[in-house]
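Single-letter residue listing:
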Number of protein chains: 2
Amino acid sequence: MEPIKFIDGGVCAPSGFKASGVHAGVKANSPVEKLDLALVMADKPCNAAAVFTRNVVKAAPVRLSQKRVADGRLQAIILNSGNANACNSTEDETAMKMSEALSGKSAVHADLIGVASTGVIGQKLNIAAIEAAVPNLIDALGARSSDAADAIMTTDTLRKEFAAGRVIGGKTVRIGGIAKGSGMIHPNMGTLLSVITTDCAISSEMLDKALHSAVRESFNRISVDGDTSTNDSCFILASGEAGNSEITEPGTDYDAFDDMLCTLCAKLAIAMASDGEGAKHLITCIVSSAANEDKAEAIAKSVISSSLFKSAIFGADANWGRVLCAMGYSGENFDPNRVDVTFRSAAGEIAVCKDGRGLPFDEPLAKAILSEHDIEVQIELNEETEPGAFPWCMCWGCDLTYDYVKINGDYRT
Amino acid sequence: MEPIKFIDGGVCAPSGFKASGVHAGVKANSPVEKLDLALVMADKPCNAAAVFTRNVVKAAPVRLSQKRVADGRLQAIILNSGNANACNSTEDETAMKMSEALSGKSAVHADLIGVASTGVIGQKLNIAAIEAAVPNLIDALGARSSDAADAIMTTDTLRKEFAAGRVIGGKTVRIGGIAKGSGMIHPNMGTLLSVITTDCAISSEMLDKALHSAVRESFNRISVDGDTSTNDSCFILASGEAGNSEITEPGTDYDAFDDMLCTLCAKLAIAMASDGEGAKHLITCIVSSAANEDKAEAIAKSVISSSLFKSAIFGADANWGRVLCAMGYSGENFDPNRVDVTFRSAAGEIAVCKDGRGLPFDEPLAKAILSEHDIEVQIELNEETEPGAFPWCMCWGCDLTYDYVKINGDYRT
């Protein structure tokens, strides 16, 4: 495969897309500099796919977008922050009105518009403010991926926006994405809104397949707090303007696209875990020499989700016993007496557990390793891998801090 | 049934039991006033039953006690705090030595001794300190339930000790229990050690049945932090000295005993949730008008386990949207449009959600209600109950606070 090259431009890096973000005033008294309404729009209708929350309680924009994307075609996604438009008496009507406001002021048919909302659950969305802002939102359309990325942020402290390109079938194909975290993040999925664009020519069936595979290996492998939100939505739109011959079946071209999409989604997912609410550390948990990937994944997810382990990392305390404890309640079976655990960061590496038993280790070095921002926990199961199976999985999380509690103790008001 | 009467005396309230707690110095530099070694002993061998952690990683004392209780007979339980005796190279030998130290200095056969440990995972237990303290532990035996309860506390701030009595088959039967929390608490079970005594005459089969039913409705319905520990153990010993005719089958007498045991375990469990690490609030979640009890239980557990909801309660924020969100990822199916939610405490009651939609409510009153220590969240599913099913479940948890993070950021050292 040709190499992947990271580029600027976010969702506007691929040909055929524009974006914008404006202040609509979704939340009363929100400062004018707070962008809260975003638009990602293609010049023409696109092949499209999406993945949504598995929560039984689904917000109206999720239910509407599920219907809209069912035929594999979309042209624009309109998104707001500040209110989830969930569990209120006007949510369905309001989600519909958001798309109609855009459709009424643009050439895009309402059936080709996806809608996404994020914010507090259970309060009415100020649709009048959004309707009033839509003309500005359309006027602002341009290479403004960053404005769109900023407008969907809630408690995020950093913008999540990446783009990449690689040669596929002799043509340069680009993928760009924006996303927001940063609480209520858990497989599957997170409180995540994400819009991904590509100029790859690809059928909506293959796009759907690639998106599901990429989400599985990225957004579904992060956890901030164990809460799966009502509003998770991840859209992908393909303009086809790269000029490659359309990908309609598995093969080299599909693999190259799938690989690049996974890479981009992983970049967005890692950025979300790293910017988890109140997080001071990014925790990467790698489980290897497992019987299969599903087992490795379940164990890695259990470790990054443990409140006790997350609190220990906040305190830079090499409490590896909590790693074994979290592995043990993952629901997977394994032999504790074969488990090895290593902590690693830019400050060094330290083996803390061998064959399920603690090793003597240098406490000041362990403290130094765990004081870095990016921390890796490597777990070897030392199992025989099943024939043809993949023995390995990587998941991402963050520490549990005072600030997480502070942010979420007073979120609604 | 005759009424249940709460009485003093803890595990020493039933006839035929003595208890003690001493300082052994399990942790280096622990102050002498910190009791860390406990003993509950019967005058004669007892019918016995126990429930243990479902974690794949089981500490040596759990594995040893599982074997010892398999024949339904025990006479004594020796317990230490300060070290979990898990995941270290000498754990099996050490657990065995703990019981041999007791057996060697008393008339109790080692096969009749249960062992339990709680504390840090992965470090060797100082068995020499325990062996040296066993003579003192035996000398101190008496009506010292409170010393035993104190000696098993780790981060607990309050002693957990209750006893109750009721007339069964014309005789007064007593049950007493001690337990420790307070982190790594989650169904199933918690980081809980608990020893329960009774003078009821009851076969070990019926005792096992009653203990499993009581644990299901008490210790398995609390969550502090979603972490299931490696050391959970709950023992019950029956001396038979109450003089009732032995309970060997289901019936009125069994029901009266089972009911009293459930009540006692619920008291201990609620005390554990209320004293959860860093907790400022006890949260009781009641799910009613469900199709069946299992569904009600799964939904109630999901709500009390939600980090976001727990943080909102810490902030006295009536963010009921997080209740619906947590219900939605419980794994159970239900109609969100029929859900009603009410918050209640000594300060009053407020309906916040009707038919899945927010109700306008008095914010200062909501704040006042959620500022009380004991808070109830009542959820009505408004489902048709299955014929013969129980439509209702109550679970207990606590809020997530700065102190939880603080306690667990620096637990090991």
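Residues numbered from 1 in each chain as written. Chains lettered and ligands numbered in written order. Predicted model: local features only at pLDDT ≥ 70, side-chain atom pairs only at ≥ 80, totals over all residues.

Comments concerning the overall build of chain A
A tally of regular secondary structure across chain A gives 11 helices and 16 strands. Since a compact globule built from 413 residues should have a radius of gyration of about 22 Å, the 22 Å found for chain A is in line with a globular shape. In terms of its C-alpha atoms, chain A occupies a principal-axis envelope of roughly 70 × 50 × 35 Å. By residue count, 62% of the 413 residues in chain A fall in the buried class. Sequence separation of 24 or more characterises 80% of the internal contacts of chain A that already satisfy a separation of 6 or more. (Helix = DSSP H or I, 4+ residues; strand = E, 2+ residues; numbered from the N terminus. Rg over C-alpha atoms; globule rule 2.2 N^0.38 Å. Buried ≥ 20, exposed ≤ 12 C-beta atoms within 10 Å, placed from the backbone. Contact = placed C-beta atoms within 7 Å.)

Things to note about the pairing of strand β11 (residues 282–288) of chain B
All names here are of chain B. Across the 7 residues of β11, 5 count as buried, placing the element largely inside the fold. Summarising the sheet, β11 and strand β15 (residues 374–380) pair through 7 bridges and their orientation is parallel. Residue Ile286 lies in a different strand from β15, and its bridge partner there is Gln378. The sheet contact formed by β11 and strand β16 (residues 393–398) spans 6 bridges and is antiparallel. Bridge assignment links Ile283 to a residue of β16, and that residue is Gly397. (Pairing = 2+ DSSP bridges.)

With respect to the packing of helix α8 (residues 307–314) of chain A against helix α11 (residues 402–409) of chain B
The interhelical angle for the contact between α8 of chain A and α11 of chain B, taken along N-to-C directions, is 75°, at an axis separation of 7 Å. In terms of orientation, α8 of chain A and α11 of chain B fall into the roughly perpendicular class. Where α8 of chain A abuts α11 of chain B, its residues Leu308, Ser311, Ala312 and Phe314 of chain A lie against Val405, Asn408 and Gly409 of chain B. (Axes fitted to C-alpha atoms, helices over the stretch in contact; angles between N-to-C directions. Parallel < 35°, antiparallel > 145°, perpendicular 65-115°, else oblique.)

Side note on the nonpolar core
Formed by 288 residues in total, the largest nonpolar core has its most connected members in Ala76 of chain A together with Ala76 of chain B. Excluding residues within four positions of it along the chain, Ala76 of chain A makes contact with Leu39, Val40, Met41, Ala42, Leu102, Val108, Leu112 and Ile113 of chain A. (Core = buried A, V, L, I, M, F, W, Y, C linked by C-beta atoms within 7 Å.)

Overview of the interface of chain B and chain A
Counting residues at the interface gives 54 residues for chain B and 54 residues for chain A. Among the secondary structure elements, those contributing two or more residues to the side of chain B that touches chain A are α8 (307–314), α9 (321–328), β14 (357–358) and α11 of chain B. Broken down by element, the side of chain B that touches chain A gets its largest block of residues, 7 residues, from α9 of chain B.

Observations regarding the relation of the copies chain B and chain A
There are two copies of the chain, and a rotation about an axis plus a shift along that axis relates them. Once chain B has been moved 0.0 Å along the axis and rotated by 180°, it coincides with chain A to within an RMSD of 0.0 Å. Both chain copies can therefore be described as sitting about a two-fold axis. Minimal C-alpha separation from the rotation axis in chain B is found for Tyr402 of chain B, amounting to 2.4 Å. Same-surface contact between copies: 100% of interface residues of chain B are shared with the interface of chain A. (Least-squares fit on C-alpha atoms with pLDDT ≥ 70 in both.)

Topic: the domain arrangement of chain A
By a widely used convention, the size of an interface equals the accessible area lost when the partners come together. All names here are of chain A. Partitioning chain A into structural domains gives domain 1 (5–274) and domain 2 (282–409). On a C-alpha basis, the centroid separation for the pair domain 1 and domain 2 is 32 Å. Facing 12 residues of domain 1, the contacting portion of domain 2 comprises 11 residues. Secondary-structure elements contributing two or more residues to the side of domain 1 that touches domain 2 are β9 (222–223) and α6 (252–274). Ranked by the residues each element gives to the side of domain 1 that touches domain 2, the list is headed by α6, at 4 residues. By residue class, the composition of the side of domain 1 that touches domain 2 is 6 nonpolar, 5 polar and 1 charged. (Domains from an automatic or database assignment. Nonpolar A, V, L, I, M, F, W, Y, C, P; charged D, E, K, R; others polar.)

Considerations on the sheet that holds β15 of chain B
Residues and elements named next belong to chain B. Reading across the sheet, the 7 strands line up as β9-β16-β11-β15-β12-β13-β14 and stay open at both edges, with mixed pairing between neighbours. Only two strands of the sheet have a single partner each, and these edge strands are β9 (222–223) and β14. Along the sheet, helix α6 (residues 252–274) makes contact with β9, β11 and β16, crossing β16 at roughly 35°.

Notes on α8 of chain A
Residue and element names in this part refer to chain A. When you tally the buried positions in α8, you get 8 out of 8 residues, the bulk of the element. The set of residues buried in α8 consists of Ser307, Leu308, Phe309, Lys310, Ser311, Ala312, Ile313 and Phe314. Directly after α8, the chain includes Ala316, whose backbone phi takes a positive value near 50°.

Quick look at the sheet that holds strand β13 (residues 348–354) of chain A
Residue and element names in this part refer to chain A. Strand order in the open sheet made by the 7 strands is β9-β16-β11-β15-β12-β13-β14, with mixed pairing throughout. Unpaired on one side and paired on the other, β9 and β14 (357–358) mark the two borders of the sheet. In this structure, strand β12 (residues 340–345) lies alongside strand β15 (residues 374–380), joined through 5 bridges in antiparallel fashion. If you follow Thr342 over to β15, its bridge partner there is Gln378. Packed on one face of the sheet, helix α7 (residues 293–305) meets β9, β11 (282–288), β15 and β16 (393–398) and runs near 15° to β16.

So, the environment of Ile375 of chain B
Residues and elements named next belong to chain B. With respect to the element layout, Ile375 can be found in strand β15. Overall, the presence of 22 C-beta atoms within 10 Å leaves Ile375 in the buried class. Remark: the alpha-carbon pair of Ile375 and Phe343, spanning 32 residues in sequence, is separated by 7.3 Å. Ile375 has contacts with His281, Ile283, Ile313, Phe343, Ser345 and Leu370, leaving out every residue within four places of it along the chain.

Side note on the pairing of strand β13 (residues 348–354) of chain B
All names here are of chain B. Looking at chain direction, strand β12 (residues 340–345) and β13 are connected through 5 bridges and run antiparallel. Across the sheet, the residue bridging to Arg344 is Glu349, located in β13. The hairpin turn running from β12 into β13, its antiparallel successor, is 2 residues long. With 2 bridges joining them, β13 and β14 adopt antiparallel strand pairing.

Things to note about the packing of helix α2 (residues 91–105) of chain A against helix α3 (residues 127–139) of chain A
All names here are of chain A. Where α2 meets α3, the closest approach of the two axes is 9 Å, and the angle between their N-to-C directions is 30°. Taken together, the axes of α2 and α3 are roughly parallel relative to one another. α2 and α3 meet at a crossing whose hand is right-handed. Residue-level contacts link Thr94, Lys97, Met98, Ala101, Leu102 and Lys105 of α2 to Ile127, Ile130, Glu131, Val134, Pro135 and Ile138 of α3. (Left-handed = near helix turned anticlockwise from the far one by under 90°.)

Topic: the environment of Asp275 of chain A
All names here are of chain A. Position of Asp275 relative to the elements: it lies in the loop between α6 and β11. Since 23 C-beta atoms lie within 10 Å of it, Asp275 is described here as buried. Taking C-alpha positions, Asp275 is 16 Å from Cys285, a pair spaced 10 residues apart along the chain.

Notes on the environment of Asp399 of chain B
Residues and elements named next belong to chain B. If you trace the backbone, Asp399 turns up in the loop between β16 and α11. With 118 residues separating them in the primary sequence, Asp399 and His281 have C-alpha atoms 5.7 Å apart. Every residue in contact with Asp399, bar those within four places of it in the chain, is listed here: Ala279, Lys280, His281, Ile283, Lys310, Ile313 and Phe314.

Some remarks on unusual backbone geometry
Residues and elements named next belong to chain A. Residue Asn85 is not a glycine yet carries a positive backbone phi of 45°. Looking at the element boundaries, Asn85 is found in the loop between β4 (73–83) and α2. With phi around 50°, Ala316 is a residue other than glycine that occupies positive phi space.

Examining the confidence of the model for chain A
Mean pLDDT over chain A: 90, with 95% of residues reaching 70 or higher. Model confidence for the complex: the whole-complex pTM is 0.81, and ipTM, which rates the interface, is 0.74. (pLDDT = per-residue confidence, 0-100.)

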